[in-house]
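Coordinate inspection notes
Chain by chain, the residues run as shown.
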Amino acid sequence: MRPQLNFATLLFLPLLLVAFAAAQENPYIVTYDHYLEEPGNLEVEYFSTFGTQRAGNDFHAFWAELEYGATAWWTAELYLDGQTTFGDSTVFTGFRVENRFRLLQQEHFINPVFYVEYEQTSGADKILKEVEGHDVESDYAVPNAISRTEHDHELELKLILSKTFHGWNISENTLAVKNLTGGNPWEFGYALGTSRPLALKASAQHCSFCPENFVGGVEMYGGLGDRYSFGLRDTSHYLAPVVAWNLPSDWTLRLSPGFGLNDNSHRFLLRWGVSREFDNFGETVAKLLGAKR
Amino acid sequence: MTSAKPWLVLVLLSQIAIPLAAQNSPSAESNAPRKFDKSVYLELAKAPAKAARKRNPMERDPDAIAAGAKLFDQHCAECHGEQGARKGPSLRVPEVHDAAPGALFWLLTNGVVRKGMPVWSKLPEPQRWQIVSYVKSLVPFAEPAP
């Protein structure tokens with residue numbers, strides 16, 4: 001009897017066959033730096049956001065992320081989003097596909113990366129992976145039964161500028177978003193982040209609690225209005241300390257309590273995430289499919 | 001929504017298939033450094049003289065080689081190790097052993113992006129020097145394997 005391979009088997013079987021790669025991840029949840037996934041490696045990530053909501057129910061939004069290093073200058077990602085609004089319901093809220101391209105071959109004083117994303121999400125999406133335009137807290141108070149009937153097709157572009165100097169990473173993202181449904185204007189936003197490992201030198205021993213395994217920092221993000229009303233008016237902004245723990249067992253854990261900076265922002269967002277990187281995923285898939293190298 | 005489904009499937013499949021194909025395409029393969037292909041080591045000669053002259057601040061650190069070995073195992077062995085896929089060139093060759101530490105540090109920092117080696121400036125400078133210490137400690141093979 002011929003064994004049947006379904007899509008899920010093809011997707012996850014390679015994960016059983018590949019080696020794990022030690023991660024050296026930044027702690028950011030929202031901000032991107034200029035480092036891409038190593039070629040051929042797959043990073044599987046899960047993130048959660050707990051958010052407080054005035055004039056509505058608190059929520060727990062979550063997303064799964066598959067990040068693949070296509071080449072040393074191109075990383076592709078797929079996101080699947082969902083959320084639970086307490087006292088309401090749990091809903092799948094859409095997907096995103098994203099590509100990041102490194103624009104310069106070598107390290108420079110500032111390193112630019114171009115980011116392009118297409119997302120199809122419902123109005124119930126609450127992962128707050130980016131804040132753009134006039135996004136404000138009251139947008140998220142709508143019950144799921146109503147908000148999920150709204151469907152957004154968005155094109156999102158980002159220019160990522162990043163630099164690492166004496167262990168400090170400084171990253172700035174400028175984003176422009178166009179909702180492709182209806183005549184919506186381009187909306188804008190930003191994210192800023194800085195981080196540093198607790199120790200710059202590695203210890204000779206394999207250890208979980210060595211200071212070099214911890215990266216701490218802070219990020220700030222928010223909206224900048226739209227084409228017709230650019231600026232800070234009716235926008236929301238957040239400040240969030242971030243910490244990542246890169247375990248020798250190849251897992252990375254992230255934690256970030258975020259605080260709204262004005263009355264349009266959620267008062268508190270607690271984010272956490274877990275990720276694991278898999279070596280040579282691409283080659284393993286190719287071998288499974290019978291490709292010759 | 002219904003009318004959008006066919007092209008959505010196309011978008012999702014292409015997002016998975018094209019990056020996988022890029023990683024495994026013949027052009028990617030031909031661009032990838034060959035094991036023991038001497039030409040790949042010419043990348044070291046591209047280090048600016050000022051960068052190549054830099055001294056390794058970890059060279060007197062008794063733990064540098066051990067720490068570098070750990071870092072190498074975590075981040076580099078996947079491509080350059082003696083086990084595993086070995087997508088990258090071996091580092092146990094005279095070209096690497098005899099290279100200036102500063103040139104190795106420069107190459108590690110900047111990568112060779114067009115040939116598949118990512119930049120490693122995300123590792124703090126002392127860790128990159130620790131890796132250089134370890135790589136310099138590797139004894140070259142007497143005769144490259146065929």
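All values reported here derive from a predicted model rather than from experimental measurement.

Assigned secondary structure in chain B consists of 8 helices and 0 strands. Listing every helix and strand of chain B by position from the N terminus yields α-α-α-α-α-α-α-α. Looking at chain B as a whole, 39% of its 146 residues qualify as buried. Restricting the contact set of chain B to residue pairs at least 6 apart, pairs at least 24 apart contribute 76%.

It is worth spelling out the packing of helix α7 (residues 101–110) of chain B against helix α8 (residues 125–137) of chain B at this point. Residue and element names in this part refer to chain B. Interhelical geometry of α7 versus α8 gives an angle of 125° and a closest axis separation of 9 Å. Our classification of the angle between α7 and α8 gives oblique. As α7 packs across α8, the resulting crossing turns out to be right-handed. Only R128, W129, I131, V132, V135 and K136 of α8 make contact with α7, whose side of the interface consists of P101, L104, F105, L108 and T109. Looking at side-chain class alone, the contact of α7 with α8 contains 8 nonpolar, 1 polar and 2 charged residues.

Contacts between the two partners involve 42 residues from chain A, matched on the other side by 39 residues from chain B. The element that contributes the greatest number of residues to the side of chain A that touches chain B is helix α3 (residues 281–288) of chain A, accounting for 4 residues. For the side of chain A that touches chain B, the per-class residue count stands at 22 nonpolar, 13 polar and 7 charged.

On to α3(A). Considered for burial, the residues of α3(A) that qualify are A:F281, A:G282, A:T284, A:V285 and A:A286. Positioned one or two residues after α3(A), A:G290 has a phi angle of 90°, which is positive.

Turning next to the nonpolar core. Inside soluble globular proteins, nonpolar side chains tend to come together where they are buried. Grouped together as the largest cluster of nonpolar side chains are 26 residues, with contacts concentrated most on B:L104, B:L108, B:I131, B:V132 and B:V135. Of all elements in the fold, only α4 (64–75), α7 and α8 of chain B reach the threshold of two or more residues within this core. The biggest single contributor to this core is α7(B), with 6 residues. Residues A:Y28, A:F47, A:I127 and A:Y238 belong to the second largest nonpolar core, which totals 17 residues.

Residue and element names in this part refer to chain B. Counting buried positions over the 10 residues of α7 gives 9, a clear majority of the element. Listed in full, the buried residues belonging to α7 are P101, G102, A103, L104, F105, W106, L107, L108 and N110. On its buried face, α7 is in contact with α3 (49–52) and α8. After α7 finishes, the residue G111 shows a positive phi value of roughly 65°.

Analysis parameters
- Residues numbered from 1 in each chain as written.
- Chains lettered and ligands numbered in written order.
- Predicted model: local features only at pLDDT ≥ 70, side-chain atom pairs only at ≥ 80, totals over all residues.
- Helix = DSSP H or I, 4+ residues; strand = E, 2+ residues; numbered from the N terminus.
- Buried ≥ 20, exposed ≤ 12 C-beta atoms within 10 Å, placed from the backbone.
- Contact = placed C-beta atoms within 7 Å.
- Axes fitted to C-alpha atoms, helices over the stretch in contact; angles between N-to-C directions.
- Parallel < 35°, antiparallel > 145°, perpendicular 65-115°, else oblique.
- Left-handed = near helix turned anticlockwise from the far one by under 90°.
- Nonpolar A, V, L, I, M, F, W, Y, C, P; charged D, E, K, R; others polar.
- Core = buried A, V, L, I, M, F, W, Y, C linked by C-beta atoms within 7 Å.

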